[in-house]
Amino acid sequence: MARVVGVDIPNNKRMDIALTYIFGVGRNTATKVCKDLGLDPALKASDLTEEQVTTLARHLQKEYSVEGQLRRESAAAISRLRDINCYRGLRHRRSLPVRGQRTRTNARTRKGAKKTVAGKKSVKGMK
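Figured I'd write up the structure that's included with this text.

About the thresholds
- Residues numbered from 1 in each chain as written.
- Predicted model: local features only at pLDDT ≥ 70, side-chain atom pairs only at ≥ 80, totals over all residues.
- Heavy atoms only, no water.
- Core = buried A, V, L, I, M, F, W, Y, C linked by side-chain atoms within 4.5 Å.
- Buried < 20%, exposed > 50% of the residue type's maximum accessible area, 1.4 Å probe, protein only.
- Helix = DSSP H or I, 4+ residues; strand = E, 2+ residues; numbered from the N terminus.
- Contact = heavy atoms within 4.5 Å.
- Phe/Tyr/Trp six-rings, centres within 6.5 Å; stacked < 30°, edge-to-face > 60°.
- Lys NZ or Arg CZ within 6 Å of the ring centre and 35° of its normal.
- Salt bridge = Lys/Arg side-chain N within 4 Å of Asp/Glu carboxyl O.
- Polar contact = N/O pair within 3.5 Å; in protein donor to acceptor, adjacent residues only side chain to side chain.
- Patch = residues over 30% accessible without salt bridge, like charges linked within 9 Å, V, L, I, M, F, W, Y side chains within 5 Å.
- Areas by Shrake-Rupley, 256 points an atom, 1.4 Å probe, with all protein chains shown as cover.
- Lys, Arg positive; Asp, Glu negative; His and termini not counted.
- Charge placed at Lys NZ, Arg CZ, Asp CG, Glu CD.

**Some words on the nonpolar core**
Within the largest apolar cluster, 21 residues are counted, with the highest numbers of intra-cluster contacts made by Val4, Leu19, Ile22, Leu56 and Leu60. Those elements giving two or more residues to this core turn out to be strand S1 (2–4), strand S2 (7–9), helix H1 (15–18), helix H2 (27–37) and helix H3 (50–63). The biggest single contributor to this core is H3, with four residues. Not counting the four nearest positions on each side in its chain, isoleucine 22 is found in contact with Val4, Val7, Ile9, Leu60, Val66 and Glu67.

**Topic: the packing of aromatic side chains**
Applying the stated criterion to the full structure yields zero aromatic pairs. For the cation-ring pair, arginine 71 lies above phenylalanine 23, with the distance from its terminal atom to the ring centre recorded as 4.0 Å.

**Examining the pattern of salt bridges**
Applying the stated criterion across every chain yields a total of three salt bridges. Measuring nitrogen to oxygen at the nearest pair gives 2.8 Å for the salt bridge that ties aspartate 8 to arginine 3. For aspartate 8, a relative accessible area of 38% corresponds to the partly exposed category. For arginine 3, a relative accessible area of 51% corresponds to the exposed category.

**Focus: the side chain of histidine 59**
Following the sequence through the fold, histidine 59 ends up in helix H3. In contact with histidine 59, not counting residues within four places along its chain, are Val33, Asp36, Leu37 and Tyr64.

**Things to note about the side chain of glutamate 67**
Relative to the assigned elements, glutamate 67 resides in helix H4 (residues 67–83). Side-chain polar atoms of glutamate 67 contact the backbone nitrogen of phenylalanine 23, separated by 2.8 Å. In this structure, glutamate 67 is in contact with Val5, Val7, Tyr21, Ile22 and Phe23, ignoring residues within four places of it in sequence.

**A few points about a positive patch on the surface**
On the surface, a cluster of positive charge is contributed by Arg82, Arg93, Arg94 and Arg110. Counting through the fold element by element, arginine 94 comes out in the loop between helix H5 (87–93) and helix H6 (108–111). Residue class for arginine 94 comes out exposed when judged on its relative accessible area of 56%.

So this is what it looks like as structure tokens:
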């Protein structure tokens, strides 16, 4: 199993798919990296030489922010929003949807499991 930028990429997959296992590398970026380095996208990751693996790792670290660096950048951006007390920062702090989605129903992924609130019965006929 080849190790690129701290991630084990699967041996049995094509290069353009195997590179997407790296955080921050999607299909387009993987195809572009293969083209830049002159690698065949259909080549299996197990067929890479050590020299190709080191060239690939060096190219990814130089040209793109991936893995730990990208995670730190996004965490820093979120903490900056929290620190300046903007609306998006407050939404992050309260673990609510940030981009304007409704929260009366849905938003379960962000809010977590339902918490039942006592004494919230609806009474028919009352206004």
